[in-house]
Amino acid sequence: MCLWLSISRSGFYDWRTRATSATAVRRDQLKVLVRHVFDSSDQTYGYRRVQAELGRLGVDVGPELVRRLMRELDLVACQPRPFRLSLTSQDANQAAIADLVQRDFTATVPGTKLVGDITYVPTWQGWVYVATVIDCYSKKVIAYALDDNYKTPLITTAIRRAAHNEHLASGAIFHTDRGSNYTSYEFGTVLKDLDLRRSMGQTGICYDNAMAESFFAALKNELVNRTVYPTRAAAMKDIARYIETRYNPRRLHSAIGYRPPNEVHDAYRSGQQAA
């Protein structure tokens, strides 16, 4: 082998007995930490979120090194599925509703701009429908509702819970797609009672409600598509657990500097109280 590689036998044995380099030791230590963060994320984090979480733990490492280490460890984050069943069906009897967001899903204060949507989860007993309300400031799911149908009471329950859970500013925007439930007179009355302004994107343009779509993509990719639910009750419990114990308090969100939504939300509230 030494002859084939054009090296001396003495050089080979010197390499064999040489002490492990500091770089090799550090790489081995980083691999342990990278695997820990990856497994703690339920194998959902790519290299950017792994690197961000390591930074939060005080480990100074660049994203490219994390990517190389993950390749060496054969760590691959779960990937989304492309299929999506649309639940959007506009109520033709309702007047046009303006888009007050224009794809700007940022806010300077919590409780001033919210987005919502409905998705579905399959079980052996049939569908479970999930309605969410997300704050644009912190990306936190401030309220949600689950049921075996997606009639208007599902979304009215979600928005009423949002008003109960958080302080919503007078005239705050609630942005959705143009599904018939969101355009219904009944739901409009609820928003009026809560002093919220209704906003809607164009029909069939997912980018107009991209933030709500992004949450559902994470929910499906990181939980639902990897799980089989025998009952609706099991699905509802698991989705609630994901939101309450993972997404809001722990999952790093790229749009808020790779921090968890609860941390961003609570930091603002604490700052206001201190002021």
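In the block above lies the structure referred to throughout.
What counts and what doesn't
- Residues numbered from 1 in each chain as written.
- Predicted model: local features only at pLDDT ≥ 70, side-chain atom pairs only at ≥ 80, totals over all residues.
- Heavy atoms only, no water.
- Helix = DSSP H or I, 4+ residues; strand = E, 2+ residues; numbered from the N terminus.
- Buried < 20%, exposed > 50% of the residue type's maximum accessible area, 1.4 Å probe, protein only.
- Pairing = 2+ DSSP bridges.
- Right-handed = clockwise from strand over helix to strand, strands pointing away.
- Axes fitted to C-alpha atoms, helices over the stretch in contact; angles between N-to-C directions.
- Parallel < 35°, antiparallel > 145°, perpendicular 65-115°, else oblique.
- Contact = heavy atoms within 4.5 Å.
- Nonpolar A, V, L, I, M, F, W, Y, C, P; charged D, E, K, R; others polar.
- Salt bridge = Lys/Arg side-chain N within 4 Å of Asp/Glu carboxyl O.
- Core = buried A, V, L, I, M, F, W, Y, C linked by side-chain atoms within 4.5 Å.
- Polar contact = N/O pair within 3.5 Å; in protein donor to acceptor, adjacent residues only side chain to side chain.

**Student:** It is not clear to me how unusual backbone geometry should be interpreted in this structure. Could you clarify?
**Tutor:** In most cases, non-glycine residues show a negative phi, while peptide bonds are predominantly trans. The phi torsion at Gln102 lies on the positive side, around 55°, for a residue other than glycine. Tracing the chain through its elements places Gln102 in the loop between α5 (63-72) and β1 (113-123). Overall, the relative accessible area of 58% leaves Gln102 in the exposed class. Even without a glycine there, the phi angle at Lys139 is positive, about 65°. If you trace the backbone, Lys139 turns up in the loop between β2 (126-135) and β3 (141-147). Its relative accessible area of 5% is what places Lys139 among the buried residues.

**Student:** Looking at this model, I keep getting lost on the pairing of strand β4 (residues 172-176). Mind explaining?
**Tutor:** Within a regular strand, the side chains alternate between the two sheet faces. β4 sits mainly inside the fold: five of its five residues count as buried. As paired strands, β1 and β4 are joined by three bridges and run parallel to one another. Within β4, the residue paired with Lys113 across the bridge is Ile173. Relative to strand β5 (residues 196-200), β4 is paired through five bridges, and the arrangement is parallel. Within β5, the residue paired with Phe174 across the bridge is Arg198. Handedness of the crossover joining β4 and β5 through helix α7 (residues 185-193) is recorded here as right-handed.

**Student:** Would you take a moment to explain the sheet that holds β2 for this structure?
**Tutor:** Two orientations exist for strands paired in a sheet by backbone hydrogen bonds: parallel and antiparallel. Overall, mixed pairing links the five strands, which are arranged β3-β2-β1-β4-β5 in an open sheet. Since the sheet does not close on itself, it has two edges, and those belong to β3 and β5, each with one partner. Strand-to-strand, the axes of this sheet are offset by a mean angle of 25°, without reference to chain direction. Both β2 and β3 contribute to a ladder of six bridges, which runs antiparallel.

**Student:** How should the pairing of β2 be read in this particular structure?
**Tutor:** Most of β2 sits inside the fold, with eight of its 10 residues counted as buried. If you look at the hairpin formed by β1 and β2, you'll find two residues sitting between the two strands. Linking β2 to β3, which pair antiparallel, is a turn of five residues; within it Lys139 sits at a positive phi near 65°.

**Student:** Explain the packing of helix α8 (residues 210-222) against helix α9 (residues 232-247) here, please?
**Tutor:** Between α8 and α9, whose axes approach to 12 Å, the crossing angle comes to 105°. Comparing their axes, α9 and α8 come out roughly perpendicular. Facing Phe215, Ala218, Leu219 and Glu222 of α8, the residues of α9 in contact are Ile239, Tyr242, Ile243, Arg246 and Tyr247. By residue class, the composition of the contact of α8 with α9 is seven nonpolar, no polar and two charged.

**Student:** Quick question: what am I supposed to make of the pattern of salt bridges here?
**Tutor:** Where charged atoms from two side chains of opposite charge come close, those side chains can pair. This structure, assessed with the given rule, holds 12 salt bridges. The residue Glu64 makes a salt bridge to Arg67 at a minimum N-O spacing of 2.7 Å. Taken together, the residues span about one helical turn, with Glu64 and Arg67 both in helix α5 at a distance of three residues. Across the pair Arg241 and Asp238 runs a salt bridge whose closest N-O atoms are separated by 3.0 Å. One end of the pair, Arg241, and the other, Asp238, are both in helix α9, three residues apart, so they sit about a helical turn from each other. A residue is classified by how much of its surface remains accessible, and Arg241, at 40% relative accessible area, is partly exposed.

**Student:** Help me understand the nonpolar core, please; the structure alone is not making it clear to me.
**Tutor:** One broad trend across soluble globular proteins is that nonpolar side chains are buried collectively. Core analysis: the biggest nonpolar cluster contains 31 residues, and Val121, Phe215, Leu219 and Tyr242 have the highest contact counts within it. Looking at this core, the elements that each hand over two or more residues are β1, β2, β3, α8, α9 and α10 (261-274). In this structure Leu219 touches Val224, Ile239 and Tyr242, once residues within four positions along its chain are discounted. Counting 24 residues, the second-largest nonpolar core is a separate cluster that includes Ile97, Leu114, Ala131 and Leu168.

**Student:** Any chance you could explain the side chain of Arg251 here in plain terms?
**Tutor:** Locating Arg251 in the fold gives a position in the loop between α9 and α10. Classification of Arg251 as buried rests on a relative accessible area of 8%. A polar contact is formed between the side chain of Arg251 and the side chain of Glu222, at a distance of 2.8 Å. Beyond its immediate chain neighbours, meaning those up to four positions away, Arg251 contacts Tyr45, Arg49, Ala218, Glu222, Tyr242, Arg246, Arg259, Pro260 and Pro261.

**Student:** Honestly, the packing of helix α3 (residues 22-40) against helix α4 (residues 47-56) in this entry has me stumped. Any pointers?
**Tutor:** When two helices pack together, their arrangement is given by the angle between the helix axes and by the axis-to-axis distance. Contact geometry for α3 and α4: axes closest at 10 Å, N-to-C directions at 110°. On the basis of the axis angle, α3 is roughly perpendicular to α4. Here α3 contributes Leu33, Val34 and Val37 to the contact with α4, which in turn contributes Val50, Glu53 and Leu54. When its residues are assigned to classes, the contact of α3 with α4 shows five nonpolar, no polar and one charged.

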